Amino acid sequence: MQALWMVLGSFFFATMAVCVKYASAWFSSSELVFYRGVLGMLFMWLLARGQGVRLATNYGGMHFWRSLVGVISLGAWFYSLAELPLATSMTLNYMSSVWIATFLVGGALLAWNPRRGAAAPLRQGALVATVLAGFAGVVMMLRPTIEQNQVFAGLIGLMSGLTAAFAYMQVMALGKLGEPETRTVFYFAVGSTVAGALGMVVTGLSAWDWMHALWLIPVGVLASLGQLCMTRAYSHGATLVVASLQYSGIVFGAIYSITLFGDRIPLLGWAGMALIVGSGVAATVLRARAAPDSPAEEH
């Protein structure tokens, strides 16, 4: 059942991305972040009440930083969804595991002392190989699929995965302090609402049309359902099978990209996506050895 919950959660997130891409034709990224936050906040409040989880926290500062980094990642992803093919944007956002491996490589190089033995360099070698494979996949995927005027959006998509990695590490820290994931996601929704509102002050409001606004409802609902499914998947610990199945979201994204938007992914692009998925799974395995009860990553 854990594996099924993860696949279902990945499906919800991929479907949410489809709704974001459609809605981005009429709403700015700030507006999408705002409405996702409002609906997510309501959903998580109802869920917390049903679970008997108090929303008051003693770690307001940590929730603030987690929400700040998470909102930057979310806004960057929504922007890239509007400007890039769906499959490309989805894959770049799922690079967070590779970015975490990059941080581990940097930390290992800074902390490693050759006098401690030969095991450390071997672990470094595995991490380095994972990171290099992931970024090679990015080059393979972007080179044949991205247009010259989409280079900036591609960089923003990469940034969404990078900041998602920072947010994930903050979620891990909150989890070690005993914070329920329902509470953490609720405060992230609060942060999204506030940040989206501030962004709307700068960018202004789009013309309101109820037919177009209907796309906003599934954005918030599917995001909350996806997070709930991932929470259930990890309820008994982050097993490697469950953690690896999060990459099924890239598969769903590719199917949507081809069938709904008519995107064409050349052979080199498919190979790049496969390399990113493989490196992401490898990074997940390496991370699980260090933190076997890690929580789900959010998308």
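Residues numbered from 1 in each chain as written. Predicted model: local features only at pLDDT ≥ 70, side-chain atom pairs only at ≥ 80, totals over all residues. Heavy atoms only, no water.

Asker: It is not clear to me how the packing of aromatic side chains should be interpreted in this structure. Could you clarify?
Answerer: Aromatic ring pairs are described here by two measures, namely the spacing of the ring centres and the angle between the planes. This structure, assessed with the given rule, holds 15 aromatic pairs. Between phenylalanine 11 and tyrosine 256, the ring centres sit 6.4 Å apart and the planes meet at 35°, which makes this aromatic pair tilted. Within this pair, whereas phenylalanine 11 is found in helix H1 (residues 2-23), its partner tyrosine 256 is found in helix H12 (residues 248-261), the two being separated by 245 residues in sequence. Assessed through its relative accessible area of 16%, tyrosine 256 is described here as buried. Ring centres of tyrosine 22 and tryptophan 215 lie 4.7 Å apart, and the angle between their planes is 20°; this geometry places the pair in the stacked category. Residue tyrosine 22 is found in helix H1, and its partner tryptophan 215 is found in the loop between helix H9 (210-213) and helix H10 (216-233); the two are separated by 193 residues along the sequence. A residue is classified by how much of its surface remains accessible, and tryptophan 215, at 28% relative accessible area, is partly exposed. Ring pairing ties together the aromatic residues Phe27, Phe34, Tyr35, Trp208 and Trp210, which thus form one cluster. The ring of phenylalanine 261 has lysine 21 sitting right over it, with the charged end atom 5.8 Å from the ring centre. Between arginine 66 and the ring centre of phenylalanine 188, over which it is positioned, the NZ or CZ distance is 4.3 Å. (Phe/Tyr/Trp six-rings, centres within 6.5 Å; stacked < 30°, edge-to-face > 60°. Helix = DSSP H or I, 4+ residues; strand = E, 2+ residues; numbered from the N terminus. Buried < 20%, exposed > 50% of the residue type's maximum accessible area, 1.4 Å probe, protein only. Lys NZ or Arg CZ within 6 Å of the ring centre and 35° of its normal.)

Asker: I tried to follow the packing of helix H4 (residues 86-93) against H12 on my own but got confused; where do I start?
Answerer: For any two helices packed against each other, the geometry comes down to the angle between their axes and how far apart the axes lie. Across the interface, H4 lies against H12 with an axial gap of 8 Å and an inter-helix angle of 165°. Taken together, the axes of H4 and H12 lie roughly antiparallel to each other. The crossing of H4 and H12 is right-handed. Between H4 and H12, the contacting residues are Leu86, Ala87, Met90 and Thr91 on the first element and Gly249, Ile250, Gly253, Ala254, Tyr256, Ser257 and Phe261 on the second. Partitioning the contact of H4 with H12 into residue classes produces seven nonpolar, four polar and no charged. (Axes fitted to C-alpha atoms, helices over the stretch in contact; angles between N-to-C directions. Parallel < 35°, antiparallel > 145°, perpendicular 65-115°, else oblique. Left-handed = near helix turned anticlockwise from the far one by under 90°. Contact = heavy atoms within 4.5 Å. Nonpolar A, V, L, I, M, F, W, Y, C, P; charged D, E, K, R; others polar.)

Asker: Just checking my understanding: could you explain the environment of tyrosine 35 for this structure?
Answerer: Of note, tyrosine 35 is situated in helix H2 (residues 29-51). Beyond its immediate chain neighbours, meaning those up to four positions away, tyrosine 35 contacts Trp208 and Leu216.

Asker: Is there a simple way to explain the pattern of salt bridges in this structure?
Answerer: As a working rule, side chains carrying opposite charge can pair if their charged atoms are close by. Applying the stated criterion across every chain, the model contains one salt bridge. The salt bridge involving glutamate 179 is made with arginine 183; its shortest N-O contact spans 2.6 Å. Taken as a pair, glutamate 179 and arginine 183 share a single burial class, namely buried. (Salt bridge = Lys/Arg side-chain N within 4 Å of Asp/Glu carboxyl O.)

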